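Report on the structure
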Amino acid sequence: MKQSNSSSTALAVSASAAVAATAALLYTRRQFKKQEAIISKLEETRQAERKGRIRAEMKLRTHLKSQEINKAADAADQGDISTNEHNDLQLQCIGKIVSPYTKRMGTPRQGALVPTGKGYIQLEIPIECVEGLELYSHAWVLFSFHANTDMPTAKADARGFKNLSKTKIRPPRGNGIKVGMLATRSPHRPNNIGLSLVKIVSVDKKGKRLHIAALDLVNGTPVYDVKPVVPWDEPGHFDGEKLKVPTWVSQDDELKSVAFSPSAREQMVKLVKDGKLAPVYSKKTGLDDAIKTIQEVLAQDPRASNTNTNKRGSESANKVYSILFASIEVQFRVDGDGVVVSEVMDADLSKAEIVDGIPVLGS
C-alpha cells in the first residue's frame, strides 16, 4: 500500500513538474514573440524615418537647385559679370540617360561588370554634334550624380575646402576598410561629377539617341559631355607600364549563380510582353536580354550598397531583397554564393512621387 502511495506521489510530482515546464516554455515563447514584435516595430520605425529623411533631403536639394538656377538667371539678366574667384563652373546638360536602372540600388558599380546592360542618351543638342561617333567603340560620359540624397556641404574659399563631411569611404569590395574618397569611385564627392566608360552601340539620328551598353548610369542622369575613347587613353600606351590597382579592387567577389524560379520567369515573360521594360527592352525581343542583365546585376550583390558592413553571409537565406529594374520590382534571396529570383512584379511607378527623375516609393 505504501509502495502504491509512493508511486502516486512520484507521478503527481512528475506531472506537476511537466505542467510547470510546459507553462514556463509557453511563457518564454510568448515573451520571445513579444520581443520579436517590438524589434519588428522598431525596424519599421527606423525604415520609415530613413525614408522620410531621404525624401526631405531630395526635396531640399531640388529646391536649392531651383534657387541656384534662378539666381544665375537673375545675374545674367542684370549683366553681372563679376570675377569668379573660385573658378566655379556652370555646366549645361546636353542630354539625359534612359536606362533600366531606376534607382541607385541595383545600378552596377561599374558598367563593365554588367556588359549586357543597355540604354541610350536622349540628346538635347543637334544630332550633327555626334556625327562620326559611331566609328568609335567606346566613349567617356561626363555626368552628374543627380540621385545622391546627401547634399555636398563643402564650400571652397581662398584657403581651400572647409566643412567637407566625407573624406574617407568604405568601398563595396573593401570588406570594411576605409580609404580616401578620391581613391574610390564613390558618387559622394565635393562635386557631384561622374565619369563613366561606356560601349557605343549606334547613333539614331531620327530619334536623336546615342545607344550605349555596359553602362552604370541611373535613368534620368544629366549628361554634360561625351568624348570618344582613343588609344592614348589606355594605360601604358607610351611607356608600356601596366595598370596598377589595390588588391581590394581586383578581387573577384561575384556571386556564383543567379537563377529565376519558374514562376518568376513566367512573370518576366508577361511583363516584357506588356511593355513594362520599354523603351530599353522591346516587347518582342527584349526578354532574354532583360533576364541576362538582371542576372549580371544580381551577381554583383546589390545588397552591399545598402549595408554598413560590406560583408556577405550574415543574413538569413530566407530574407527577401528587392531592386527596381525599369518599371518592375525584382525580389530575390541570397543563399551562400547563389541568388534565386523568387518573384517579379509590376512596380506601378505611376503612383510614386518623382524627385529629380527618381521614384520615391512608399508612404
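Described below are features of the structure shown in this document. Here the structure is a predicted model, which means the values were calculated and not measured.

Okay, helix 3 (residues 262–273) next. Residues that lie three or four places apart on an α-helix share one face, since the helix turns once every 3.6 residues. Its twelve residues give helix 3 an end-to-end C-alpha distance of 17 Å, which sits within 8% of 16 Å, the value for a rise of 1.5 Å per residue. Of all the positions in helix 3, only Ala-264, Met-268, Leu-271 and Val-272 are classed as buried. Angular distribution of buried residues about the axis of helix 3 spans 95°; they occupy a single face of the element. Among the exposed residues of helix 3, those oriented more than 90 degrees off its buried face are Pro-262, Glu-266, Lys-270 and Lys-273. Residues of helix 3 that are buried in the fold lie against strand 11 (257–260), helix 4 (286–299), strand 13 (328–335) and strand 14 (338–346). Of the residues one or two after helix 3, Gly-275 is the one with positive phi, at around 80°.

Turning next to the packing of helix 3 against helix 4. The geometry of helix 3 relative to helix 4 is characterised by a closest axis approach of 10 Å and an angle of 125° between their N-to-C directions. With respect to their mutual orientation, helix 3 and helix 4 come out oblique. The chirality of how helix 3 crosses helix 4 is right-handed. Two secondary-structure elements touch here, helix 3 through Arg-265, Met-268, Val-269 and Val-272 and helix 4 through Gly-286, Leu-287, Ala-290, Ile-291 and Ile-294.

In this section: the sheet that holds strand 11. An order of 11-14-13-12 is seen for the four strands of this open sheet, with the pairing classed as mixed. The strands lining the two open edges of the sheet, one partner per strand, are strand 11 and strand 12 (321–325). Averaged over all pairs of adjacent strands, the angle between their axes in this sheet comes to 30°, without regard to strand direction. As paired strands, strand 11 and strand 14 are joined by four bridges and run parallel to one another. Looking across to strand 14, one finds that Val-258 is bridged to Val-339.

This part covers the nonpolar core. By size, the foremost hydrophobic cluster in this structure holds 51 residues, and its most contacted members are Ile-121, Met-268, Leu-277, Leu-298, Phe-325, Val-330 and Val-344. Sequence-distant contacts of Leu-298, that is, excluding residues within four places in its chain, are made with Leu-255, Val-258, Ile-323, Val-330, Phe-332, Val-339 and Val-341.

As for its placement among the helices and strands, Ser-144 is situated in strand 3 (residues 138–144). Contacts of Ser-144, omitting those with residues within four sequence positions, involve Asn-192, Thr-221, Pro-222 and Tyr-224.

Here the focus is the pattern of salt bridges. Here the idea is simple: oppositely charged side chains can pair when their charged atoms come close. On inspection of all chains with the given rule, the structure shows five salt bridges. Salt-bridge contacts for Asp-301 lead to Arg-303; the nearest nitrogen and oxygen are separated by 2.8 Å. Comparing Asp-301 with Arg-303, the two get one shared label, buried.

The geometry of two aromatic rings is summed up by the distance between their centres and the angle between their planes. Tallied over the entire structure, the rule returns four aromatic pairs. The interplanar angle of 70° and the centroid separation of 6.2 Å between the aromatic rings of Tyr-101 and Phe-325 together place this pair among those described as edge-to-face. Separated by 224 residues along the polypeptide, Tyr-101 in the loop between strand 1 (95–98) and strand 2 (118–123) and Phe-325 in strand 12 bring together distant segments of the chain. Using a relative accessible area of 1% as the deciding quantity, one classes Phe-325 as buried. Judged by centre distance (5.0 Å) and plane angle (75°), the ring pair of Phe-143 and Phe-145 falls under edge-to-face. A single burial state applies to Phe-143 and to Phe-145, both of which are buried. An aromatic cluster is defined as three or more aromatic residues linked by ring pairs; in this entry it consists of Tyr-101, Tyr-281 and Phe-325. The residue whose ring lies beneath Arg-303 is Tyr-321, and the NZ or CZ to ring-centre distance is 5.4 Å.

Moving on, we get to the sheet that holds strand 8 (residues 193–204). Spatially, six strands are ordered 1-2-9-8-3-10 in a closed barrel, and the strand pairing comes out antiparallel. Taken pair by pair, the neighbouring strands of this sheet meet at an average axis angle of 45°, ignoring direction.

Right, let's talk about the pairing of strand 10 (residues 222–228) for a bit. Across two bridges, the pairing between strand 1 and strand 10 is antiparallel. In the strand pairing of strand 10, Lys-96 is matched with Pro-222.

For the rest of this paragraph, the subject is a nonpolar patch on the surface. A surface patch of nonpolar side chains, amounting to about 280 Å² of accessible area, comprises Leu-89, Leu-91 and Ile-193. Relative to the elements of secondary structure, Ile-193 occurs in strand 8. Ile-193 sits in the partly exposed class, given a relative accessible area of 34%.

The next point concerns unusual backbone geometry. Residues apart from glycine generally show negative phi values, whereas peptide bonds are mostly found in trans. Here the residue pair Ala-278 and Pro-279 is connected by a cis peptide bond, since its omega of 5° sits within 30 degrees of zero. Here Pro-279 is to be found in the loop between helix 3 and helix 4. Positive phi, close to 55°, is recorded for Lys-208, a residue that is not glycine. Checked against the element boundaries, Lys-208 lands in the loop between strand 8 and strand 9 (209–213).

Rules used in this analysis
- Residues numbered from 1 in each chain as written.
- Predicted model: local features only at pLDDT ≥ 70, side-chain atom pairs only at ≥ 80, totals over all residues.
- Heavy atoms only, no water.
- Helix = DSSP H or I, 4+ residues; strand = E, 2+ residues; numbered from the N terminus.
- Expected span 1.5 Å × (residues − 1).
- Buried < 20%, exposed > 50% of the residue type's maximum accessible area, 1.4 Å probe, protein only.
- Arc of directions from axis to C-beta.
- Contact = heavy atoms within 4.5 Å.
- Axes fitted to C-alpha atoms, helices over the stretch in contact; angles between N-to-C directions.
- Parallel < 35°, antiparallel > 145°, perpendicular 65-115°, else oblique.
- Left-handed = near helix turned anticlockwise from the far one by under 90°.
- Pairing = 2+ DSSP bridges.
- Core = buried A, V, L, I, M, F, W, Y, C linked by side-chain atoms within 4.5 Å.
- Salt bridge = Lys/Arg side-chain N within 4 Å of Asp/Glu carboxyl O.
- Phe/Tyr/Trp six-rings, centres within 6.5 Å; stacked < 30°, edge-to-face > 60°.
- Lys NZ or Arg CZ within 6 Å of the ring centre and 35° of its normal.
- Patch = residues over 30% accessible without salt bridge, like charges linked within 9 Å, V, L, I, M, F, W, Y side chains within 5 Å.
- Areas by Shrake-Rupley, 256 points an atom, 1.4 Å probe, with all protein chains shown as cover.

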